[in-house]
Amino acid sequence: MSEGLVWLGTPAFPQAAKKALADTQLRRNLGKATGTIRDKRLRVCAELDDWEQLRDSAAALKLRTLRHLPRYLEQLEASVTAAGGTVHWAADAAEANRIVAELVKATGEREVVKVKSMATQEIGLNEALAAEGITAHETDLAELIVQLADDRPSHILVPAIHRNRAEIREIFRSRMPDAPADLTDEPRALAEAARLHLREKFLRAKVAVSGANFAVAETGTVLVVESEGNGRMCLTLPDTLITVMGIEKVVPTFADLEVFLQLLPRSATGERMNPYTSAWTGVHAADGPSTFHLVLLDNGRTATLTDQVGRQALGCIRCSACLNVCPVYERVGGHAYGSVYPGPIGAILTPQLAGVGHAASLPFASTLCGACYDACPVKINIPEVLVHLRAKEVDAKRGRRTPTVESLLMRAATEVLASPERLRLAQKAGALGGRLVGRGGRIGPLPGPFHAWSDTRDLPVPPAESFRAWWQRTHPEENDR
Ligand code: SF4
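Residues numbered from 1 in each chain as written. Predicted model: local features only at pLDDT ≥ 70, side-chain atom pairs only at ≥ 80, totals over all residues. Heavy atoms only, no water.

S.K.: I'm lost on the site of the ligand in this one. Help?
M.R.: Within the structure, the ligand sits among 13 residues, and Cys316, Cys319, Ser320, Cys322 and Cys376 are positioned closest to it. Split by residue class, the shell around the ligand holds 11 nonpolar, one polar and one charged. (Near = heavy atom within 4 Å. Nonpolar A, V, L, I, M, F, W, Y, C, P; charged D, E, K, R; others polar.)

S.K.: Help me out: how do you make sense of helix 1 (residues 13-21) in this one?
M.R.: Side chains of residues three or four places apart in an α-helix project in the same direction, reflecting 3.6 residues per turn. For helix 1, the complete set of buried residues consists of Phe13, Ala16, Ala17 and Ala20. Along the axis of helix 1, the buried residues cluster in a sector spanning 100°; they form a single face. Seen from the open side of helix 1, the exposed residues pointing more than 90 degrees away from its buried face are Lys18 and Lys19. (Buried < 20%, exposed > 50% of the residue type's maximum accessible area, 1.4 Å probe, protein only. Helix = DSSP H or I, 4+ residues; strand = E, 2+ residues; numbered from the N terminus. Arc of directions from axis to C-beta.)

S.K.: What am I meant to see in the nonpolar core here?
M.R.: Among soluble globular proteins, nonpolar side chains are generally buried collectively. If you look at the biggest cluster of nonpolar residues, it comprises 105 residues, and the most contacted ones within it are Phe13, Leu76, Phe172, Tyr337, Ile345 and Ile348. Here the element with the most residues in this core is helix 12 (residues 257-269); it accounts for six residues. Ignoring anything within four residues of it in the chain, the contact list for phenylalanine 172 reads Leu141, Ile145, Leu148, Ala179, Leu183, Leu190, Ala193 and Ala194. In this structure, Leu103, Val104, Ile123 and Leu129 belong to the second largest nonpolar core, which totals 21 residues. (Core = buried A, V, L, I, M, F, W, Y, C linked by side-chain atoms within 4.5 Å. Contact = heavy atoms within 4.5 Å.)

S.K.: Hey, could you run me through helix 12 in this one?
M.R.: Taking 1.5 Å as the rise per residue, helix 12 with 13 residues should run 18 Å; its terminal C-alpha atoms sit 18 Å apart, in good agreement. Taken together, the buried positions of helix 12 are occupied by Leu257, Val259, Phe260, Leu263, Leu264, Pro265, Arg266, Ser267 and Ala268. At the exit of helix 12 stands glycine 270, carrying a positive phi of roughly 70°. (Expected span 1.5 Å × (residues − 1).)

S.K.: So what exactly am I meant to see when it comes to the sheet that holds strand 10 (residues 291-297) here?
M.R.: Remark on secondary structure: sheet strands pair via backbone hydrogen bonds, oriented parallel or antiparallel. Pairing in this open sheet of six strands is parallel, and the strands run 1-10-7-4-2-3 from one edge to the other. Each edge of the sheet is formed by a strand with only one pairing partner; in this case those strands are strand 1 (86-90) and strand 3 (135-138). On average, each strand axis in the sheet is tilted by 25° relative to the strand beside it, whichever way the strands run. With respect to the sheet, helix 5 (residues 93-107) is in contact with strand 1, strand 2 (111-114), strand 4 (207-210), strand 7 (240-246) and strand 10, its orientation differing from that of strand 1 by roughly 145°. (Pairing = 2+ DSSP bridges. Axes fitted to C-alpha atoms, helices over the stretch in contact; angles between N-to-C directions.)

S.K.: Got a minute to help me understand the pairing of strand 10 in this structure?
M.R.: Consecutive side chains along a regular strand alternate between the two faces of the sheet. Across the seven residues that make up strand 10, a large majority, six, are buried. Direction of pairing for strand 1 relative to strand 10: parallel, over a ladder of five bridges. Among the inter-strand pairings, tryptophan 89 is bridged to a residue of strand 10, identified as leucine 296. The pairing of strand 7 with strand 10 spans seven bridges and is parallel. Paired with isoleucine 242 across the bridge in strand 10 is histidine 293.

S.K.: Help me out: how do you make sense of the sheet that holds strand 5 (residues 214-216) in this one?
M.R.: Here four strands make up an open sheet; going across it, the order is 8-5-6-9 and the pairing mixed. The open sheet terminates on both sides in strands that have one partner only, identified here as strand 8 (250-251) and strand 9 (276-281). As paired elements, strand 5 and strand 6 (residues 221-226) share two bridges and run antiparallel to each other. Pairing of alanine 215 across the sheet is with valine 222, part of strand 6. In this fold helix 12 packs onto strand 5, strand 6, strand 8 and strand 9, with an angle of close to 170° to the strand it touches most, strand 5.

S.K.: Would you explain the UniProt feature "domain: Lactate utilization protein B C-terminal" (unreviewed entry) in the protein in this entry?
M.R.: Cross-referencing UniProt, the feature "domain: Lactate utilization protein B C-terminal" (unreviewed entry) maps to residues 398-473 in the present numbering. Between the first and last C-alpha atoms of residues 398-473 the distance is 42 Å; the span itself is 57% helix and 5% strand. (UniProt positions renumbered as here; feature names shortened; annotations may be inferred.)

S.K.: Just to check I follow, could you spell out the packing of aromatic side chains for this structure?
M.R.: For any pair of aromatic rings, the description rests on two quantities: the centre-to-centre distance and the angle between the ring planes. Summed over all chains, the structure comprises seven aromatic pairs. Each ring, one from phenylalanine 13 and one from tyrosine 337, has its centre 5.0 Å from the other, and the planes form 55°; the classification is tilted. Linking phenylalanine 13 in helix 1 with tyrosine 337 in the loop between helix 15 (327-332) and helix 16 (343-354), this pair joins segments that are 324 residues apart in sequence. Classification of tyrosine 337 by relative accessible area gives buried; the value is 1%. An aromatic cluster is defined as three or more aromatic residues linked by ring pairs; in this entry it consists of Phe13, Tyr329 and Tyr337. Note that lysine 62 overlies the ring of phenylalanine 260, its terminal NZ or CZ placed 5.4 Å from the centroid. Over the face of the ring belonging to tyrosine 72 we find arginine 71, whose NZ or CZ atom lies 5.1 Å from the ring centre. (Phe/Tyr/Trp six-rings, centres within 6.5 Å; stacked < 30°, edge-to-face > 60°. Lys NZ or Arg CZ within 6 Å of the ring centre and 35° of its normal.)

S.K.: Explanation requested: the pattern of salt bridges in the structure shown.
M.R.: Any two side chains of opposite charge can pair, so long as their charged atoms come close to each other. The final tally for this structure, using the stated rule, is 27 salt bridges. Note that arginine 204 is salt-bridged to glutamate 111, the shortest N-O span being 2.7 Å. With arginine 204 in helix 10 (residues 187-204) and glutamate 111 in strand 2, this pair connects stretches of sequence that are 93 residues apart. A relative accessible area of 37% means that arginine 204 is categorised as partly exposed. The partner of aspartate 458 in a salt bridge is arginine 442, and the shortest N-O contact between them spans 3.6 Å. Note that aspartate 458 is positioned in the loop between helix 21 (451-454) and strand 12 (459-460) and arginine 442 in strand 11 (residues 442-443), a separation of 16 residues in sequence. Taking relative accessible area as the criterion, aspartate 458 reaches 46% and is therefore assigned partly exposed. (Salt bridge = Lys/Arg side-chain N within 4 Å of Asp/Glu carboxyl O.)

Shown next, in the form of structure tokens:
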């Protein structure tokens, strides 16, 4: 397992999902939020005649970049260094956290402001900084809500999607000392309270930590896209800027951004363009931070790259469209996935970054309906990777001394299906058994090894006569052929 992926995989997905399904408020919040974003996304994507060509271009760009990743990363390092920045390489979460903590300590500061970043969540940076006596203030509104509530993000783009506004007001009132006593749950009032709370931190902070949506190899330009302006504040006001970026975020040329910056906002929030797209290249006198550090994070990515099928997960631009269309995510929410990467992309990325054995149930957390593939702006074939990872998981169990119930059943099915006579007898036995355990024409929960499958499904009692038996009885002339 990659030593630093924030992985909370206990309980495993099936148990966590069962608990989440029982939370009707959660399901209401999720259904409303994902439905709204879904409809908006469909409307704005349909406005572009060349949407499919953009998706093809993005997929081709990502695959080509992944194929030549070492070359582009070295080019990025040279470009950033030439522009006055400093590049650090981190093999895993522990190394990345250590680098960032040392950089902050070197400034003499004890607090940082943060732009929302999946990479820093993945490595548990806030917790690592806290252990070194450094306070990290999240400045994205939803991240602030999650941080104040001691909660975990449940969506890539809308981390507090599982909270409604009444819950948010209660979090602000109980956890934000400067929240007005008469705070209502009006969105404008909540945003204003957060704005006042954060403004003072923006003006005070000397160090900022960000992630990156893209970094351009040819120019050394790093980009962050966001919609609240908090990112712009973090990226321009402090003296020191530290960016932690997964190595897969590099793009070869500045022109490549044309494709991604059209796809990302439409796929993410159904907007035609991002409200704030901040791009910076190294450092400039009297403009923005005077010191810039770029931490390039591996943390399981190189290992993922070696898998010809699974590597496509590294093309993800974190738009979260796949989450919003996923029938499983919509019902269980993000926490059930036990990872900072929930939903369909989490089901293929987490097992690869953490090691399949540590997130074994996630590739099965899907109906394989394919909605995620249709929605993905970079055409990641998520169902294909899910099936691939399932096969790996099954293969890993094959050599076990004690066979699983599933493998025993599969072996029995192979024997039965290999012989027409055995199939006939099995059908007869099945019809008899079905009538014995069935109630009202349906077979419900079964005891023993069958309960895991039958607890959540029922099936009709098999007919007393199978199709083959009926055919033989009603078409005797065919039997002799
Ligand atoms: S897998 Fe595709 S749809 Fe899902 S978050 Fe990544 S880019 Fe978006």
